[in-house]
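Residues per chain are reported as follows:
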Amino acid sequence: MIEPDKTLTLAIPVRNRHQSAVWYEEKLGFMLVFHGDEVGWSEMTTPVHGLHIGLSEHADSSAEGIVPVIGVVDLEVARSGLEASGVQFDGETETIEGMVSTARFFDPDRNILMLAQDLS
């Protein structure tokens, strides 16, 4: 069992994060939290408490689809527990120092999900 941090971020692949952020602000009332130009990521809050969207820049915005990103208190503990229960992960844990650690995994239908631990 994982210990969630009470946030869920939906990672959405887009062609241009800055243009997409404006659209989400104007059309849906989401609010920009930050643009992480150095990592190709923009994050926005939504009116739903604890639900964020992350805009991930890709040349082909249909490449991956929406990825639910589950915020956790301790990524290594969560990952170890899931792996022990037979959950398959997609590679190693990735860390952007001072920002976030992430690990991608699959549900039984091979849909991609992600765990993320805030390091800021």
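None of the values given here were measured: they were computed from a predicted structure.

Conventions adopted
Residues numbered from 1 in each chain as written. Predicted model: local features only at pLDDT ≥ 70, side-chain atom pairs only at ≥ 80, totals over all residues. Heavy atoms only, no water. Pairing = 2+ DSSP bridges. Helix = DSSP H or I, 4+ residues; strand = E, 2+ residues; numbered from the N terminus. Axes fitted to C-alpha atoms, helices over the stretch in contact; angles between N-to-C directions. Contact = heavy atoms within 4.5 Å. Salt bridge = Lys/Arg side-chain N within 4 Å of Asp/Glu carboxyl O. Buried < 20%, exposed > 50% of the residue type's maximum accessible area, 1.4 Å probe, protein only. Polar contact = N/O pair within 3.5 Å; in protein donor to acceptor, adjacent residues only side chain to side chain.

**As for the sheet that holds strand S2 (residues 31-36)**
Reading across from one edge, S2-S3-S4-S1-S5-S8-S7-S6 is the order of the 8 strands in this open sheet, with mixed pairing throughout. Two strands lie at the open edges of the sheet, namely S2 and strand S6 (94-96), each paired on one side alone. Direction aside, neighbouring strands of the sheet carry axes that sit 25° apart on average. In this sheet, strand S4 (residues 51-57) lies alongside strand S1 (residues 4-14) in parallel orientation, the contact comprising 7 bridges. What sits directly across from Pro13, in S4, is Ser56. Helix H1 (residues 17-28) contacts S1, S2, strand S3 (41-45) and S4 of the sheet and is inclined by roughly 150° relative to S4. Along the sheet, helix H2 (residues 75-84) contacts strand S5 (67-72), strand S7 (100-106) and strand S8 (112-118); its crossing angle with S8, the most-contacted strand, is approximately 150°.

**Here's the deal with the pattern of salt bridges**
Tallying each qualifying case throughout the model produces 4 salt bridges. A salt bridge links Arg17 to Glu57, with the shortest nitrogen-to-oxygen separation between them at 3.7 Å. Placement of Arg17 in helix H1 and of Glu57 in strand S4 is noted, with a sequence separation of 40 residues between them. Relative accessible area serves as the criterion here: at 37%, Glu57 is assigned to the partly exposed category. Two residues, Asp90 and Arg104, come together in a salt bridge whose shortest N-O distance is 3.3 Å. Of this pair, Asp90 sits in the loop between H2 and S6 while Arg104 sits in strand S7; the two residues are 14 residues apart in sequence, bridging distant segments of the chain. Overall, Asp90 belongs to the partly exposed group, its relative accessible area being 34%.

**Brief notes about the side chain of Ser42**
Tracing the backbone shows Ser42 in strand S3. For Ser42, the side chain forms a polar contact with the side chain of Arg17, separated by 2.5 Å. Of note is the side chain of Ser42, whose polar atom sits 2.5 Å from the side chain of His35. The contact partners of Ser42, leaving out residues within four places of it in the chain, are Arg17, Leu32, Phe34, His35, Ile53, Gly54 and Leu55.

**Structural notes on the environment of Asp5**
Its location among the elements puts Asp5 in strand S1. We classify Asp5 as partly exposed; its relative accessible area is 31%. Along the backbone, Asp5 and Met99 are 94 residues apart, and their C-alpha atoms lie at a distance of 15 Å. A distance of 2.6 Å separates polar atoms of two side chains, one belonging to Asp5 and the other to Thr7.

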